[in-house]
Structures are given as C-alpha cells and as structure tokens.
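# Analysis of the macromolecular model
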Amino acid sequence: MNKNEKFVITLNRELGSGGRTIGRLIAERLGVPFYDKALINALEEKYGLTTDEIERMKGRSHSWWADFKRAMNIGAELNAKQYSNYHIDAEKLPDALSTDEIFATEQEVLRGIAADESCVIAGRCGFYVFREHPNHLSILIQASMESRVARVASKRNITPEKARDIIEHVDKMRENYVNKYTGTSRYDTRNYDLVLRVDGKTEEELADIIMQYIK
C-alpha cells in the first residue's frame, strides 16, 4: 500500500479483540476518516441512502460521495461518536437485520467513500468489496477466546459466561453474513495482507506494528 496515494485500509476483527480501537488509531495516525458499521448504518438511515438513490446521485456526478457530503453539510468531523446509539445497537445485533438491499447499499457507500478519500473501514466485508482496489491493505485482527471474553465482560459489566455466549453468537452471525455475501470465510487468511493476534499487546502497540508494515 502506498500511503502517498489515495488508499483504503480494511480491517476485519473479532468481537473483543480491540480491532475497532486499533482501526481508529491507524486512521488518526494517517490523518484519514474511520468508518465502521455503526456509522455506515446511521448514514444510510439518517439520509435515506438506498441503491436507487445512490444510482441517481452517481448519474449526476462521478464523485457522488463528495457532492453528497457537501449537500448534507457533512464535514471532516464525521465520526462514529456522533452515532453512539447506533454503535450500541450494532454491537448487540451486528447482522441480524441485514438484507440483500442493505448489503448492496453498503457496497455502494463504501466504494463512493473510497473513491473520494483515503480511509480506514472496519468490517462490512471490506476485504471483499475492495479486493480489486489498486491501493488496498486488508488486515485481520484476532485474539484468544480467553482474552476476548475478559475484554467483553469488562466493557459490558457482565459475567464471563454471558460474554462468551455473546461472542459465540456474534461469531456465528458474522461468519454466516460473510459467507452469504462473499462465498468465503472471514477466517480465510488468503483474504488478508496482514493477520495480527493481539494477546499480550496493547492497541497502541498493534497500531505501531501496522504503521511499520505500511512504511
């Protein structure tokens, strides 16, 4: 990946691995926007984005995402913190409400974003959506079940047993989602340029490793 040209970094991660935090750190260090499920879903719902609406915008302008941001007065401060309620809902039921139309819309939104600006994208089958992008870095963040359980239990103030149940449920749903829409597994390392295990390292240290890889 050449960081001196327009690029897209996609980051797939396991629940409880700290992958979202790592993605935000990378985006901050590179000075580019960070997008995740919560933000994409919120944009689609708040502004009524559908594949038909996006096609109409694309018909008016090749850089439809840039025009859309200007029209909606969406600036550089756009970030997932503005949509904290969506973030919580997305974590509880990450893919339960997904449909073919939603997936198609998400692909169009993500491609529009990447065509307009360099960015870091967490989840949303980004490794697949941008598999033919000329300047794309695909990363998988993993952690041991023990580490994931401890993190989720601490963040949500729940028992380890409940945390494990949530993780196993989310893992199954995400794997089914990825398999349905990409025909591959999210655990297939051939989909990634870089695979990292977080055990024993902080998010900052993992961000350092990724930045070194980019250099």
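A quick note: this is a predicted structure, and the numbers were derived from the prediction, not measured.

If you trace the backbone, Gly200 turns up in the loop between β5 (194-197) and α10 (203-214). Through-space distance from the C-alpha of Gly200 to that of Ser147 is 9.2 Å; in sequence the pair is 53 residues apart.

A sheet is described by the order of its strands in space; here 5 strands give the open sequence β2-β3-β1-β4-β5, paired in parallel fashion. Edge strands, defined here as strands with exactly one partner in the open sheet, are β2 (34-35) and β5. Examined bridge by bridge, strand β4 (residues 136-142) and β5 share 4 bridges and lie parallel to one another. Bridge pairing links Ile139 to Leu194 in β5. Contacting β1 (8-13), β4 and β5, α10 runs over the sheet at an angle of about 160° to β5.

Buried residues dominate β1, accounting for 6 of its 6 residues. What you see with β1 is no split at all: Val8, Thr10 and Asn12 on one side and Ile9, Leu11 and Arg13 on the other are buried throughout. The pairing of β1 with strand β3 (residues 119-122) spans 4 bridges and is classified as parallel. The residue of β3 that forms the bridge with Val8 is Cys119.

Once that is clear, we can look at empty space enclosed by the protein. Under the defined criterion, the tally for this structure stands at 2 cavities of 30 Å³ or more. Of the pockets and cavities examined, the second largest cavity occupies roughly 40 Å³. Lining the second largest cavity we find Thr10, Leu11, Asn12, Ile121, Gly123, Cys125, Gly126, Phe127, Ser138, Ile139 and Tyr192. Breaking the lining of the second largest cavity down by element, the ones donating at least two residues are β1, α7 (126-129) and β4. If one sorts the elements of the lining of the second largest cavity by residue count, β1 sits on top with 3 residues. A breakdown of the residues in the lining of the second largest cavity according to their chemical character gives 6 nonpolar, 5 polar and no charged.

Rules used throughout
- Residues numbered from 1 in each chain as written.
- Predicted model: local features only at pLDDT ≥ 70, side-chain atom pairs only at ≥ 80, totals over all residues.
- Heavy atoms only, no water.
- Helix = DSSP H or I, 4+ residues; strand = E, 2+ residues; numbered from the N terminus.
- Pairing = 2+ DSSP bridges.
- Contact = heavy atoms within 4.5 Å.
- Axes fitted to C-alpha atoms, helices over the stretch in contact; angles between N-to-C directions.
- Buried < 20%, exposed > 50% of the residue type's maximum accessible area, 1.4 Å probe, protein only.
- 1 Å grid on protein atoms, 1.4 Å probe; cavity = no way out; pocket = protein on both sides within 12 Å on 5 of 7 lines; lining within 4 Å.
- Points joined across faces, edges and corners; volume = space filled by probe spheres on them.
- Nonpolar A, V, L, I, M, F, W, Y, C, P; charged D, E, K, R; others polar.

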